[in-house]
Amino acid sequence: PCARAVPCASAMNPEELMYVGSLWEEYFPKEIFFPQDTRLTPIIMFRDFFSDKGKALLPAAFAQKRVYFNVQELNEGLPFPDFEANLRTRPAEVMGCVGLALSLIAKQRSPYATVPFLIRPRFFALTGDLCFGDLKSSCVGQLVSLRGHVVRVGACRPLIERAAFRCAKCL
């Protein structure tokens, strides 16, 4: 879905373009927004899909900051034949595009809201689960689905990498 196509920024009105620009760094950290960015095309496509055919997949109100999607249902409904493959190989880019599209829809539903909508899409029911033992370094940067059993649960013990202390007398 996030193919390098010619962006269709004209499908967004200037207000939407400004809204996307204001949220851009939340979804694509350390990147500067340009109205010619190629990711605008999939954002528009996702926005149009969730406004029309995919409306039933969205919650009635965006009270939560996360929206959960069944990947198999999305694969059937989306006009992209390779959605799951793109989600696996470029998860940050696809999740950013879907998140911005959902934020646009939330803004359309509540046009007078003053706080921007930061909605994080979450996906489940990916095909091809991995066993934990099969998780290798080749999976770095990809979205994987793990299968396994929880054998033991313990208390979380944080690892302190750096700490600064001051003497109470020297203050």
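Cut-offs and rules
- Residues numbered from 1 in each chain as written.
- Predicted model: local features only at pLDDT ≥ 70, side-chain atom pairs only at ≥ 80, totals over all residues.
- Heavy atoms only, no water.
- Helix = DSSP H or I, 4+ residues; strand = E, 2+ residues; numbered from the N terminus.
- Buried < 20%, exposed > 50% of the residue type's maximum accessible area, 1.4 Å probe, protein only.
- Contact = heavy atoms within 4.5 Å.
- Lys, Arg positive; Asp, Glu negative; His and termini not counted.
- Charge placed at Lys NZ, Arg CZ, Asp CG, Glu CD.
- Phe/Tyr/Trp six-rings, centres within 6.5 Å; stacked < 30°, edge-to-face > 60°.
- Salt bridge = Lys/Arg side-chain N within 4 Å of Asp/Glu carboxyl O.
- Axes fitted to C-alpha atoms, helices over the stretch in contact; angles between N-to-C directions.
- Parallel < 35°, antiparallel > 145°, perpendicular 65-115°, else oblique.
- Left-handed = near helix turned anticlockwise from the far one by under 90°.
- Nonpolar A, V, L, I, M, F, W, Y, C, P; charged D, E, K, R; others polar.

(A) Local environment of the overall build of the protein. Secondary structure assignment for the protein yields five helices and four strands. In the protein, the succession of helices and strands from N to C terminus is α-α-β-α-α-α-β-β-β. By its C-alpha atoms, the protein is 60 × 50 × 30 Å across when sized along the principal axes. Buried residues in the protein amount to 35% of all 171 residues. A separation of at least 24 residues holds for 70% of the contacts in the protein among residues at least 6 apart in sequence. Looking at the protein, you have 21 positive and 16 negative side-chain charges, and the mean spots of the two groups are 11 Å apart.

(B) Broad picture of the packing of aromatic side chains. Counted by the stated rule, this structure contains eight aromatic pairs. Seen from their ring centres, Trp24 and Phe33 are 5.1 Å apart, and the 55 degrees between their planes marks the pair as tilted. For the residue pair Trp24 and Phe33, the accessibility class agrees, reading buried in each case. For the pair Phe46 and Phe83, a centre-to-centre distance of 6.1 Å together with 75 degrees between the ring planes defines the contact as edge-to-face. One end of the pair, Phe46, is in helix α2 (residues 40-51); the other, Phe83, is in helix α4 (residues 83-89), with 37 residues separating them in the sequence.

(C) Just the pattern of salt bridges, in detail. The full count for this structure, using the stated rule, is seven salt bridges. Its salt-bridge partner being Glu16, residue Arg47 comes within 3.0 Å of it at the nearest N-O pair. With Arg47 in helix α2 and Glu16 in helix α1 (residues 14-27), the pair connects residues that are 31 residues apart, well separated along the chain. A relative accessible area of 7% means that Arg47 is categorised as buried. When its relative accessible area of 12% is taken as the criterion, Glu16 is described as buried. One connected set of salt bridges, linked through shared partners, spans Glu16, Arg47 and Asp48.

(D) Structural context of the packing of α1 against helix α5 (residues 91-109). With their axes 10 Å apart at the nearest point, α1 and α5 run at an angle of 135 degrees to one another. Considering their axes alone, α1 and α5 lie oblique with respect to each other. In this structure, α1 crosses over α5, and the sense of that crossing is right-handed. Mapping the contact onto sequence places Glu16, Tyr19, Val20, Leu23, Trp24 and Tyr27 in α1 and Gly96, Gly99, Leu100, Ser103, Leu104, Lys107 and Gln108 in α5. Of the residues assigned to the contact of α1 with α5, the class counts are seven nonpolar, four polar and two charged.

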